[in-house]
Amino acid sequence: MTVGSTHRDRPHEFGVTYNSSKGPTLDGRLKPDLLAPGERITSCATGSLRGDPTTLLPPGADPAAVAVYTEQSGTSMAAPHVSGAVAAFLSVRPEFIGRPREVKDLFCASATSLGRDRYLEGHGLLDLMRVMSNV
């Protein structure tokens, strides 16, 4: 699945982020397949991000001694939302393990359109609850 990025809190209002992956592909296929929140997402900081001044630490805390978090944006922050939703789905419906095409089709058919161009939003915003209720 290809994943595009939306505004974190109000995707229906602000839609697809400017730095999101957009289509079509060079051979004319739809891209992205799904959208997920990807703007200003708080996540674990690793590697060089641990020393970044934008990381979120308690005042006076030593980055080597505590969990360090950072706020990032982009499709690399949206993709974990989709993979986590797929993992949650497969944990409840294990009969779909090993059937990736069917899983992708279920998620795409259950997405919520944001009313944007198909090459900006693909099938729409990820909706795990709709996937679960449609199976």
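This text goes with the structure placed above it.
Summary of the structure given here. (Residues numbered from 1 in each chain as written. Predicted model: local features only at pLDDT ≥ 70, side-chain atom pairs only at ≥ 80, totals over all residues. Heavy atoms only, no water.)

### Here we look at the packing of aromatic side chains
The geometry of two aromatic rings is summed up by the distance between their centres and the angle between their planes. Tallied over the full model, the rule gives two aromatic pairs. Considering the side-chain rings of Phe89 and Phe96, the 5.3 Å spacing of their centres and the 50° angle between planes classify their relative orientation as tilted. On the accessibility criterion, Phe89 (0% relative accessible area) is buried. With relative accessibility at 10%, the residue Phe96 sits in the buried group. Chaining the aromatic ring pairs together yields one cluster made of Phe89, Phe96 and Phe107. Across from the ring centre of Phe96, 4.5 Å away, lies the NZ or CZ of Arg99, which sits over that ring. (Phe/Tyr/Trp six-rings, centres within 6.5 Å; stacked < 30°, edge-to-face > 60°. Buried < 20%, exposed > 50% of the residue type's maximum accessible area, 1.4 Å probe, protein only. Lys NZ or Arg CZ within 6 Å of the ring centre and 35° of its normal.)

### Digging into unusual backbone geometry
The step from Gly23 to Pro24 runs through a cis peptide bond, and the omega angle for that step is 0°. Considering the arrangement of structural elements, one finds Pro24 in the loop between α1 (11-14) and β2 (34-37). With an omega dihedral of 0°, the bond running from Lys31 to Pro32 counts as a cis peptide bond. Within the secondary structure, Pro32 sits in the loop between α1 and β2. (Helix = DSSP H or I, 4+ residues; strand = E, 2+ residues; numbered from the N terminus.)

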